[in-house]
Amino acid sequence: MTTENVPVVEKIMNANDQIAMINRKKLDDAGVFAINIMASPGSGKTSTILRTIEDLAPDVRIAVIEGDTAPVTIDSDKVKALGIPAVQINTGGSCHLDAPMFSRGLEQVDLANIDLLIIENVGNLICPAGFMLGSHANVVVASIPEGDDKPYKYPNIYRGIEVMIINKMDLLPYVDFDMDYFRKGVQILNNDAVFFNISCKTGEGVSEWTSWLKNRIQQQKELAK
Amino acid sequence: MHELSVTESILNIAKNHAEKAKAKQVTDIHIVIGALSSIVDDSIQFYWDIITQDTICASAQLHFKRVPAKLTCQDCNHTYTIEDELSPCPKCGSIRIKVVGGEEFWLESIEIER
């Protein structure tokens, strides 16, 4: 029997991306600005979120969606302790959030009464990069002790980001971290990324990051009008 | 680990197109993977053999075409590919670079028997 070639040319992530666009529309209609925070485990995603909340709430109304591979509520408990609604998504061992999971989480968020939605993705520098969620800005949090070679080893995650946060700046004097080398790696991959050097421990640089965020939240509100 | 959901997605796309073409079975599947897309073909193959059992794709061979990361310097227009470590423009040293290839991740074509 002869075989026949059928051209397909379809993006393999198409199904995910279409749901991501539906998620985006929901957020846009509600005038909510959503950020997707990605990082390796231990870089300080949760600490960055808590610092961000402390700086912006209650003027900015915030909700958080926490993606975790294990059914532990350690992160969402910390967020709730600040009086901020938090929705926990257990990925059931999976290494990333995808658009359908985010969509289910979104159903539990009171979009009409928030301005900013923060998504904490699963701690991982590889898998989350491939799955659009429908957020407006992807943010990667790196940290000084992780080392300066990450953009060279995990290039994909830096491609689609708008913000690059470098956390634990207070450790810079104690660690061999070549800031120029790190920044160069990110910039080759993504020349438009905005950098913020922060320390969640000392609070250094946090307000620069949150003023960027405030601007974007405002823009999003105006677009929805 | 994310290769499982990716593999399911490949199967869905292949099945859709095979049904549309009224295929009896799918014999080959051609996939293009860019170097920047962080997909491991071995893992896809591993999941593929498990999830395609009893489907129209059960005996389909996967073929992967790897595409290197291709960059263009925005200062001197030089285009280069990255085989090893990410580097600034080898001609002028600029880091104002545009990624023009290497992010592909698509199903190019299938081969079927009717």
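Since this is a predicted model, take the numbers as computed values, not measurements.

Peer 1: What is the right way to look at the interface of chain B and chain A in this model?
Peer 2: Listed per partner, the contact involves 36 residues of chain B and 32 residues of chain A. Per-residue buried area on chain B facing chain A is highest for H2(B), L86(B) and I95(B); these three make up 19% of the total on that side. Connecting chain B to chain A are two salt bridges. Linking chain B with chain A are 13 residue pairs in polar contact (both at pLDDT 80 or more), by the criterion used here. When contributions to the side of chain B that touches chain A are tallied by element, the ones reaching two or more residues are α1 (3-20), β1 (25-34), β5 (97-101) and β6 (105-113) of chain B. When its residues are assigned to classes, the side of chain B that touches chain A shows 18 nonpolar, 10 polar and eight charged. Sheet analysis places strand β1 (residues 4-11) of chain A next to β6(B), joined by six bridges and oriented antiparallel. The partner of E4(A) across the bridge, within β6(B), is I112(B).

Peer 1: Quick question: what am I supposed to make of the confidence of the model for chain B here?
Peer 2: The share of residues in chain B with pLDDT of 70 or more is 99%, and the mean pLDDT across the chain is 93. Our summary of model confidence lists the complex with pTM equal to 0.92 and ipTM equal to 0.85.

Peer 1: I tried to follow the nonpolar core on my own but got confused; where do I start?
Peer 2: Grouped together as the largest cluster of nonpolar side chains are 30 residues, with contacts concentrated most on Y158(A), M164(A) and F182(A). Elements that contribute at least two residues to this core include exactly β6 (137-143), α6 (155-159), β7 (163-167) and α7 (179-189) of chain A together with β3 (69-73), β4 (79-82) and β5 of chain B. Looking at this core, the element that brings in the most residues is α7(A), giving five residues. If you look at the next biggest cluster of nonpolar residues, it comprises 29 residues, including I53(A), V64(A), L116(A) and W212(A).

Peer 1: Just checking my understanding: could you explain the pattern of salt bridges for this structure?
Peer 2: Side chains bearing opposite charge may pair, as long as their charged atoms lie close to each other. All names here are of chain A. Inspection of every chain in the model, using the stated rule, returns 11 salt bridges over all chains. Among the salt bridges present, the one from K221 reaches D115, with a minimum N-O distance of 3.2 Å. Of the two residues, K221 is situated in helix α8 (residues 206-224) and D115 in the loop between α4 (99-106) and β5 (116-120); the sequence distance between them amounts to 106 residues. The class of K221 is partly exposed, set by a relative accessible area of 24%. Owing to a relative accessible area of 7%, D115 belongs among the buried residues under this scheme. Measuring nitrogen to oxygen at the nearest pair gives 3.0 Å for the salt bridge that ties D149 to K150. Taking the relative accessible area as the measure of exposure, K150 reaches 14% and is therefore buried. In the salt-bridge network here, residues are joined through shared partners; they are R61, D115 and K221.

Each value, and the rule that gives it
Within every chain, residues take consecutive numbers counted from 1 along the sequence as written. By the order in which they are written, chains take letters starting at A while ligands take numbers starting at 1. It should be noted that, the model being predicted, local features are given only for residues of pLDDT at least 70 and side-chain atom pairs only at 80 or more, the latter also being counted only at that level, while totals for whole chains, interfaces and linings use all residues. Based on all heavy atoms of the structure, the side-chain values leave hydrogens and waters out of the count. Contacts are assigned to residue pairs with any non-hydrogen atoms lying within 4.5 Å of each other. The buried area of a pairing is the accessible area, by a 1.4 Å probe, that goes missing from both parts when the two are put together, added over both. Definition used for salt bridges: Asp or Glu carboxyl oxygen within 4 Å of a side-chain nitrogen of Lys or Arg. In protein, a polar contact means a hydrogen-donor-capable atom and an acceptor-capable atom, both N or O and within 3.5 Å, with residues adjacent in sequence counting only if both atoms are side-chain atoms; elsewhere, any N or O pair within 3.5 Å suffices. We count a stretch as a helix when DSSP gives it H or I for four or more residues in a row; a strand needs E for two or more, and each element gets its number in order from the N terminus. Three residue categories are used. Nonpolar comprises Ala, Val, Leu, Ile, Met, Phe, Trp, Tyr, Cys and Pro, charged comprises Asp, Glu, Lys and Arg, and polar comprises the others, including Gly. Strand pairing is assigned whenever DSSP identifies at least 2 bridges connecting the two strands. A score from 0 to 100, pLDDT tells how confident the predictor is in each residue. Note on terminology: a nonpolar core comprises buried Ala, Val, Leu, Ile, Met, Phe, Trp, Tyr and Cys residues joined through side-chain atoms within 4.5 Å. Relative accessibility thresholds used throughout: buried, under 20% of the residue-type maximum; exposed, over 50%; partly exposed, between the two (1.4 Å probe, protein chains only).

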